[in-house]
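# Chain and residue survey
Spelled out from the first residue to the last, the chains are:
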Amino acid sequence: FATAAQGGVSHRDALLADLVVAYRAARRHKRSRDYQTRFEMNQEVELVRLRDELAERRYVARPSSCFIIHDPKMREVFAADFRDRVVHHLFYNYTHGIFERTFIADSYSCIEGRGTHYGIERLKHHLLSCSQNWTRPCHALKLDVRGYFMSIDRARLLSRCRGVLATARERGEARLPWGLGGYLVESIW
């Protein structure tokens, strides 16, 4: 990421450079979508507008669209507006390292180096441990908690996110320019 310390780069220029990186991540696997094409047609204007809104604390997330998918089972999906996806990627790029350090070793989703193969190896490790190298029976339970994400106490989660970011800032670990992390966690909520 660009920083203001790099050769006299201004905060706004650094933020714009970071938004370009976030935009490229947000468009992955979305290049054929109409909403991505519309954004890309005015990419420079859209990114500068986003930069200014973020820098001036005027950014407001747009309403998400809601639809139902049936693969592999029926689920309700809320999809953010494409420009909000860019901001989500920006926030992720700034904070994933901070939050991932707080996760248990058996957290896998979207974590670099913790894909399917890592999960399989962790399961094997736990089964070997539980069965004492296959000498005792043991069991594994696969389940899906219905409505889990919809049941999360959002106020409590937001409070925990604020705490993790505050701790990282106190330790000097946060790389978020000029307090943008706290603002973003509130704005994209």
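Predicted, not measured: the structure shown is a model, and the values here were computed from it.

## Section: the side chain of Glu100
- Within the fold, Glu100 resides in helix H4 (residues 82-100).
- Buried charge without a partner: Glu100 forms no salt bridge, and the closest opposite charge is Arg114, 6.3 Å away.

## Some points on helix H6 (residues 154-170)
- For H6, with 17 residues, the first-to-last C-alpha span of 24 Å sits near the 24 Å given by 1.5 Å per residue.
- Among all positions of H6, only Leu158, Cys161, Leu165 and Ala168 are buried. Angular distribution of buried residues about the axis of H6 spans 90°; they occupy a single face of the element. Exposed residues pointing more than 90 degrees away from the buried face of H6 are listed as Ala155, Arg156, Arg160 and Glu170.
- Check the buried side of H6 and you find it contacts H4 and helix H7 (180-187).
- At the N-terminal end of H6, a side-chain oxygen is found 3.2 Å from the backbone nitrogen of Ala155, two or three residues along, and the residue is Asp153.
- Count one or two residues on from H6 and you reach Gly172, which has phi positive near 75°.

## Details of a nonpolar patch on the surface
- Taken together, the side chains of Leu141, Leu143, Val145, Tyr148 and Phe149 present a nonpolar region at the surface, about 620 Å² in accessible area.
- If you trace the backbone, Leu141 turns up in the loop between helix H5 (116-130) and H6.
- Taking the relative accessible area as the measure of exposure, Leu141 reaches 71% and is therefore exposed.

## Digging into the environment of Glu100
- Judged by relative accessible area, Glu100 falls into the buried class, the value being 19%.
- Separated by 11 residues in the primary sequence, Glu100 and Ile111 have C-alpha atoms spaced 7.7 Å apart.
- Dropping the residues within four chain positions of it, Glu100 is found in contact with Tyr92, Cys110 and Ile111.

## Here we look at the packing of aromatic side chains
- With the rule as written, the count across this model stands at six aromatic pairs.
- The interplanar angle of 85° and the centroid separation of 6.1 Å between the aromatic rings of Tyr23 and Phe82 together place this pair among those described as edge-to-face. In this pair, Tyr23 sits in helix H1 (residues 11-27) while Phe82 sits in helix H4, placing the two residues 59 residues apart along the sequence. Neither residue differs from the other here; Tyr23 and Phe82 are each classed as buried.
- Each ring, one from Phe39 and one from Phe82, has its centre 5.1 Å from the other, and the planes form 65°; the classification is edge-to-face. Taken as a pair, Phe39 in helix H2 (residues 34-41) and Phe82 in helix H4 lie far apart in primary sequence, 43 residues in all.
- Take Phe82: its relative accessible area is 4%, and that puts it in the buried class.
- Of the aromatic side chains, those joined through ring pairs into one cluster are Tyr23, Phe39 and Phe82.

Rules behind the numbers
Residues numbered from 1 in each chain as written. Predicted model: local features only at pLDDT ≥ 70, side-chain atom pairs only at ≥ 80, totals over all residues. Heavy atoms only, no water. Helix = DSSP H or I, 4+ residues; strand = E, 2+ residues; numbered from the N terminus. Buried < 20%, exposed > 50% of the residue type's maximum accessible area, 1.4 Å probe, protein only. Lys, Arg positive; Asp, Glu negative; His and termini not counted. Salt bridge = Lys/Arg side-chain N within 4 Å of Asp/Glu carboxyl O. Expected span 1.5 Å × (residues − 1). Arc of directions from axis to C-beta. Contact = heavy atoms within 4.5 Å. Polar contact = N/O pair within 3.5 Å; in protein donor to acceptor, adjacent residues only side chain to side chain. Patch = residues over 30% accessible without salt bridge, like charges linked within 9 Å, V, L, I, M, F, W, Y side chains within 5 Å. Areas by Shrake-Rupley, 256 points an atom, 1.4 Å probe, with all protein chains shown as cover. Phe/Tyr/Trp six-rings, centres within 6.5 Å; stacked < 30°, edge-to-face > 60°.

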